[in-house]
Amino acid sequence: MNLQDLRKSPLFQGLSDDELQTLMDNAKPVSLRAGEVLMKQGEAGDSAFVVVQGEFAITKQSGQSVIKIDVRNPGDVLGEMALLSQAPRSATVTAVTDCETLCISKQAFENLLSTSSTAALAVLHWVMNRLSQNDALLHQQERMAALGTLSAGLAHELNNPAAAAQRSASELNKTLIQWQSLTHEIEAQAFKENQTEWLNDLMKEATRRFESPVKVEALEKIDLVDQLQAWLEASEVESAWELAPALVNFGWSPESLESLKGTLFFDLALRWLSTGCAMMSLLSETREATERLSQIVRAMKSYTYLDQAPLLEVDVHEGLESTLVILQHKLKQGVTVKREYSPSLPRIEAYASELNQVWTNIIDNASDAMNGKGEIILRTYAEDNHVVVEIVDNGPGIPENVRPRILEPFFTTKPPGKGTGLGLHISHDIVANRHHGQLLVESQPGETKFKVVLPIKINKT
């Protein structure tokens, strides 16, 4: 390798020939075959390498997955960040092809920096560029990880109403065929017994009740079902336990059914009525399930602000509610959400989808802190041309020795594979840098409060 090859690296472009020659004299060549590992994630960063020939793949272990994050070619430098920060390697570097490198020891690198201000300045510029690139990459990876979690949650949340709609539609098909058969049978009987006028009155009353199902509390409904079931059994009606719930849903009671007892086809009329009630109940269930699907889709569109400009006049309450729908699969296991919204909260100027990412990170962390069981309070109010959002949980609190570090990148108290340590760091960046607001934290056992202060109008100057 000659000086011009070494100068191809942006890290060394600002060095003189003498400085480059000194660096080469204190370096040693290292050869690798395809598949061999040059550096391993977690190892001590005691040297840097310049790629002379070949191609390297950079991969990072994240939980149970190995992510390929970059490829390095001749002229690139490897391992300089860990060498400068004296930190463990943040990624693994593997030879894709047979490779030749130049190994620069920690001592040789430090000697260069201590004897040359030009070299120190060149390295500083390089480090700033690399940090900016890494920060952007890590932010993108965190967003992709959050998207993966979000997608999994949405799939789970969409599956329940979709499965319910499918089950109801399948049962509705069977019940409709049965009801049509019973309709033909009861019409034939009514015509035969000259009871068509009576049947018309019954059908009108049934139609009226079908249009307005009753709404009663669960305990009251149980009592009504028990009463009707006892009456049906006393009237020697078969499968009374099966007929009673459907009839109660549409307001039928022993009193309203008493007039049927004098007819020649009492049992047939009850079966026709109960089958019709069951059919309407299934139709209602299908409508509720599909409405739930529509609600989730609407919430997702609102959450991401699809097809809209990034800077919008935002209703903070709408963003919070969309976030709750997105996280419903996690919260419904045991988290109670209490809303203390200001009815006169003004709309604010904001990057809406990014702000929703803040609500997601904080509420998700609160749920994790409480192990999925507890209470979250969402409180909003206006104060001095700002809107304040407080997200409070009654979990164990953040330990005092941990509190100062929770906004640092990569700092997490979660076990490996459960958290990247970037969620709150990114949330702070969105609030402070993108919206010129504040993200404040107060915590004690039994109450942790994240307070987000946002200006009504963003000052871009």
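Above this note sits the structure.
As a starting point, this report considers the structure included with it. (Residues numbered from 1 in each chain as written. Predicted model: local features only at pLDDT ≥ 70, side-chain atom pairs only at ≥ 80, totals over all residues. Heavy atoms only, no water.)

### Structural notes on the pattern of salt bridges
Inspection of the entire model under this criterion finds 13 salt bridges. Its salt-bridge partner being Arg339, residue Glu321 comes within 2.6 Å of it at the nearest N-O pair. Of this pair, Glu321 sits in helix H11 (residues 316-326) while Arg339 sits in strand S10 (residues 335-340), placing them 18 residues apart in sequence. Owing to a relative accessible area of 28%, Glu321 belongs among the partly exposed residues under this scheme. Each of Lys338, Glu340, Arg379, Glu390, Glu442 and Lys449 takes part in a single network of salt bridges with overlapping partners. (Salt bridge = Lys/Arg side-chain N within 4 Å of Asp/Glu carboxyl O. Helix = DSSP H or I, 4+ residues; strand = E, 2+ residues; numbered from the N terminus. Buried < 20%, exposed > 50% of the residue type's maximum accessible area, 1.4 Å probe, protein only.)

### Focus on H11
For H11, the buried fraction is high: nine of the 11 residues fall into the buried class. Those residues of H11 that fall on the buried side of the exposure criterion are Val316, His317, Gly319, Leu320, Ser322, Thr323, Leu324, Val325 and Ile326. Among the residues of H11, the N-terminal cap falls to Asp315, whose side-chain oxygen and the backbone nitrogen of His317 are separated by 3.0 Å. (Polar contact = N/O pair within 3.5 Å; in protein donor to acceptor, adjacent residues only side chain to side chain.)

### Remarks on the sheet that holds strand S1 (residues 27-32)
Taken in spatial order, the four strands of this open sheet run S1-S8-S3-S6, and their pairing is antiparallel. Lying at the two open borders of the sheet, with one neighbouring strand each, are S1 and strand S6 (77-78). Across six bridges, strand S3 (residues 47-53) lies against strand S8 (residues 99-105) in antiparallel orientation. Residue Val51 lies in a different strand from S8, and its bridge partner there is Thr101. Packing of helix H4 (residues 106-115) onto the sheet brings it into contact with S3 and S8, and relative to S8 it is tilted by some 60°. (Pairing = 2+ DSSP bridges. Contact = heavy atoms within 4.5 Å. Axes fitted to C-alpha atoms, helices over the stretch in contact; angles between N-to-C directions.)

### Some thoughts on helix H13 (residues 352-369)
For H13, with 18 residues, the first-to-last C-alpha span of 26 Å sits near the 26 Å given by 1.5 Å per residue. For H13, the tally of buried residues reaches 14 of 18 residues, placing the bulk of the element in the interior. In the segment just after H13, Asn371 is the residue with positive phi, at about 55°. (Expected span 1.5 Å × (residues − 1).)

### Notes on the packing of aromatic side chains
Applying the stated rule across the entire model yields three aromatic pairs. Geometrically, the ring pair formed by Trp179 and Trp272 is stacked, given 5.8 Å between the ring centres and 25° between the ring planes. On the criterion of sequence distance, the pair formed by Trp179 in helix H5 (residues 117-192) and Trp272 in helix H10 (residues 266-304) is long-range, its members being 93 residues apart. Both residues of the pair, Trp179 and Trp272, count as buried. With a centroid separation of 6.1 Å and an interplanar angle of 85°, the aromatic rings of Trp231 and Phe266 are classed as edge-to-face. (Phe/Tyr/Trp six-rings, centres within 6.5 Å; stacked < 30°, edge-to-face > 60°.)

### Things to note about the sheet that holds strand S12 (residues 374-383)
What the five strands build is an open sheet, ordered S10-S12-S13-S15-S14; its pairing is mixed. The open sheet has two edge strands with one neighbour each: S10 and strand S14 (438-444). Taken over all neighbouring pairs, the strand axes of this sheet differ in orientation by 15° on average, direction set aside. With eight bridges connecting them, S12 and strand S13 (residues 386-393) associate as antiparallel partners. Bridge pairing links Ile376 to Asp393 in S13. Its contacts with the sheet place H13 against S10, S12, S13, S14 and strand S15 (447-455), and it is angled at close to 175° to S15.

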